[in-house]
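Below are the chains, spelled out letter by letter.
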Amino acid sequence: MDWVAQGLCRAQPERMFAEEGAALKEAKAVCAGCPVRIECLAYALDHRVGHGVWGAMTQRERRALLRRRPGVTSWAEFFETARTHQDTAPAGR
Ligand code: SF4
């Protein structure tokens, strides 16, 4: 979990456990600019973290994603593979 030290929420991690309203929107906005958003989201998905905003996704959003993609056994690998393919994909027309 080397990525934790780079998280934008590291100074106030309690903010990421907002459950509704403006506080929840603000938590997601912090994640949107975070350099380790994908690592954070992968961790939450792989460990079935049940509360808080991780990688800009709420608990409800993560549960929905897990239901949509039951075949993914490692979200860390899934995102890494996607990133690799994106880096090597030919430029668009
Ligand atoms: S993605 Fe969000 S919750 Fe995860 S480390 Fe970054 S700011 Fe914190």
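Reading the values: rules and limits
Residues numbered from 1 in each chain as written. Predicted model: local features only at pLDDT ≥ 70, side-chain atom pairs only at ≥ 80, totals over all residues. Heavy atoms only, no water. Near = heavy atom within 4 Å. Helix = DSSP H or I, 4+ residues; strand = E, 2+ residues; numbered from the N terminus. Nonpolar A, V, L, I, M, F, W, Y, C, P; charged D, E, K, R; others polar. Phe/Tyr/Trp six-rings, centres within 6.5 Å; stacked < 30°, edge-to-face > 60°. Axes fitted to C-alpha atoms, helices over the stretch in contact; angles between N-to-C directions. Contact = heavy atoms within 4.5 Å. Expected span 1.5 Å × (residues − 1). Buried < 20%, exposed > 50% of the residue type's maximum accessible area, 1.4 Å probe, protein only. Arc of directions from axis to C-beta. Salt bridge = Lys/Arg side-chain N within 4 Å of Asp/Glu carboxyl O.

Draft legend 1. Quick look at the site of the ligand. Every residue lining the ligand is accounted for by Gly 7, Leu 8, Cys 9, Met 16, Val 30, Cys 31, Cys 34, Arg 37, Cys 40, Val 53 and Gly 55. Going through the elements one at a time, helix 1 (21-32) and helix 2 (37-46) are the ones with two or more residues in the shell around the ligand. Here the residues of the shell around the ligand sort into eight nonpolar, two polar and one charged.

Draft legend 2. Quick look at the packing of aromatic side chains. Considering all chains together, one arrives at five aromatic pairs under this definition. Aromatic side chains Tyr 43 and Trp 54 sit 5.7 Å apart centroid to centroid with 25° between the ring planes, which places their arrangement in the stacked category. One end of the pair, Tyr 43, is in helix 2; the other, Trp 54, is in the loop between helix 2 and helix 3 (59-68), and 11 residues separate them in sequence. Here Phe 78 and Phe 79 contribute two aromatic rings whose centre-to-centre distance is 5.6 Å and whose plane-to-plane angle is 70°, an arrangement assigned as edge-to-face. Three or more aromatic residues joined by ring pairs form one cluster here, namely Trp 3, Tyr 43 and Trp 54.

Draft legend 3. A look at the packing of helix 2 against helix 4 (residues 75-88). Orientation of helix 2 relative to helix 4, taken along the N-to-C sense of each, is 145°, at an axis distance of 8 Å. Mapping the contact onto sequence places Ile 38, Glu 39, Leu 41, Ala 42, Leu 45 and Asp 46 in helix 2 and Trp 75, Ala 76, Phe 79 and Arg 83 in helix 4. Per-class residue counts for the contact of helix 2 with helix 4 are seven nonpolar, no polar and three charged.

Draft legend 4. Here's a closer look at helix 1. End to end, helix 1 covers 17 Å across 12 residues, agreeing with the expected 16 Å (1.5 Å per residue, within 8%). Within the span of helix 1, buried status applies to Leu 24, Ala 27, Val 30 and Cys 31. All buried residues of helix 1 fall inside an arc of 120° around its axis, so they share one side. More than 90 degrees from the buried face of helix 1, the exposed residues found are Ala 22, Lys 25 and Ala 32. Residues of helix 1 that are buried make contact with helix 2.

Draft legend 5. Spotlight on the pattern of salt bridges. Across all of its chains, the model carries three salt bridges by this definition. Its salt-bridge partner being Arg 83, residue Glu 39 comes within 3.8 Å of it at the nearest N-O pair. Within this pair, whereas Glu 39 is found in helix 2, its partner Arg 83 is found in helix 4, the two being separated by 44 residues in sequence. Residue Glu 39 is classed as partly exposed on the basis of its relative accessible area, which comes to 29%.

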